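Analysis of the macromolecular model
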Amino acid sequence: MSLLRTAAGRAIAVLFLGLLLAALLQAEGLRKQAQTQPAGFERDLALQVTRPLVRVSRALHLTTPRHEVQVAIGRADEDRIDTQVHLTLPPPAGPLPNQGPKQRPTGTPVPPKPQFTAAKPLRVWVAGDSLAEIPGQALERLDNPALKVVGVESRLSTGLARPDLYNWFTRIQDAPKQIAPTVAVFSFGADDAHDFMAGVPAGKHVGAIGTPSWAAEYHRRVDGVTRELNAHGVHVVWLGLPIPDGPGFKKTFPIVNRILESVAAAHPKTATYVDTWHLLDDAHGRFAPYLRVHGKLTLMRLPDGVHYTAAAGDLIAEQVLKQLAAVYRLG
């Protein structure tokens, strides 16, 4: 019996040491997983547990094998946690105006719209969370040779509030050099409509969603992204969040939409807001899974009450094209 107990004890000890070694080898990855969890007790506990684990692993150089493998397969930055909100332009001197386009003096000639053709197409980049994919694919399907979609980048559960999950600010800095878009169509906010916000400047506190401090910080990010791209000559289209099914998002989505719309209104010549909320409601302000399209009752929304069907993507793409036609001559 004592031999069995000894053997069992040794087996447990070997198992424990094996798990500990595995945890030390994977410490950077475990730290990243802890960082990207939703805010709450479980995230706080995971961060407390993985913090010393990473310190020990680095001290023993046990992070090196994992990193070398990642470099070899082209994923060198996989464990990197970047919460920096990368905005190079200084903030505006005062509050942003929200007055829409200024009235042109009577008799002043209207400058011609920039023209794009099949030989010189309007280059459109679509990016954002999971709601970006379907409108992006719909824009690719448009039968207009004067418009070319140069990329559709849709990343699940990401946004402007959690750069630790995926840093869109870094991507937005790189995109003008890499794909040279004329227009950026963004769908952000569905995964930002919550209290927690990463990347808040040191010494600054952001309250719950709906508070003035939350709105101010999110406004800073949306406006900063708009101005960064405008400085590269890129027109920014912000897709509003659609009317959702269920009460939770109906309270938070409008908070995000008001910010997106106000930023676009503050940059009337270089930004556009597309109101998908009213585009997809039932004309009485209610959620509608089906709408009539060309006289036919058509499914617009997936069962989760948030995401689009291809038909809804087509409606959004048509609206984007209509609003871009006010800025550019296409064809």
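Note: the structure precedes this text.
The following refers to the structure shown.

Basis of the calculations
- Residues numbered from 1 in each chain as written.
- Predicted model: local features only at pLDDT ≥ 70, side-chain atom pairs only at ≥ 80, totals over all residues.
- Heavy atoms only, no water.
- Pairing = 2+ DSSP bridges.
- Helix = DSSP H or I, 4+ residues; strand = E, 2+ residues; numbered from the N terminus.
- Axes fitted to C-alpha atoms, helices over the stretch in contact; angles between N-to-C directions.
- Contact = heavy atoms within 4.5 Å.
- Buried < 20%, exposed > 50% of the residue type's maximum accessible area, 1.4 Å probe, protein only.

**Here's the deal with the sheet that holds strand β4 (residues 183–187)**
Across the sheet, five strands lie side by side as β3-β2-β4-β5-β6; this open sheet has parallel pairing. Strands with a single pairing partner mark the edges of an open sheet, and in this sheet they are β3 (147–154) and β6 (271–274). Ignoring which end each strand starts from, the neighbouring axes of this sheet average 20° apart. Bridge count for strand β2 (residues 122–128) against β3 is seven bridges, and the pairing is parallel. Bridging across to β3, V124 finds its partner in V149. Sheet strands in contact with helix α5 (residues 133–141) are β2, β3, β4 and β5 (235–239), and its direction is about 160° off that of β3. Those strands touched by helix α8 (residues 247–266) are β5 and β6, and its axis lies near 145° from that of β6.

**As for the pairing of strand β7 (residues 290–293)**
Bridge count for β7 against strand β8 (residues 296–299) is four bridges, and the pairing is antiparallel. Following the sheet pairing, L291 is matched in β8 by T298. In this structure, the hairpin formed by β7 and β8 is closed by a connection of two residues, where H294 is found at a positive phi of approximately 55°.

**Topic: unusual backbone geometry**
A positive phi is found at S157, a non-glycine position, where the angle reads about 65°. The residue S157 is located in the loop between β3 and α6 (168–179) in this model. When its relative accessible area of 36% is taken as the criterion, S157 is described as partly exposed. Of note, A180 is a non-glycine position whose phi angle comes to about 50°, a positive value. For A180, the location among the structural elements is in the loop between α6 and β4. With relative accessibility at 41%, the residue A180 sits in the partly exposed group.

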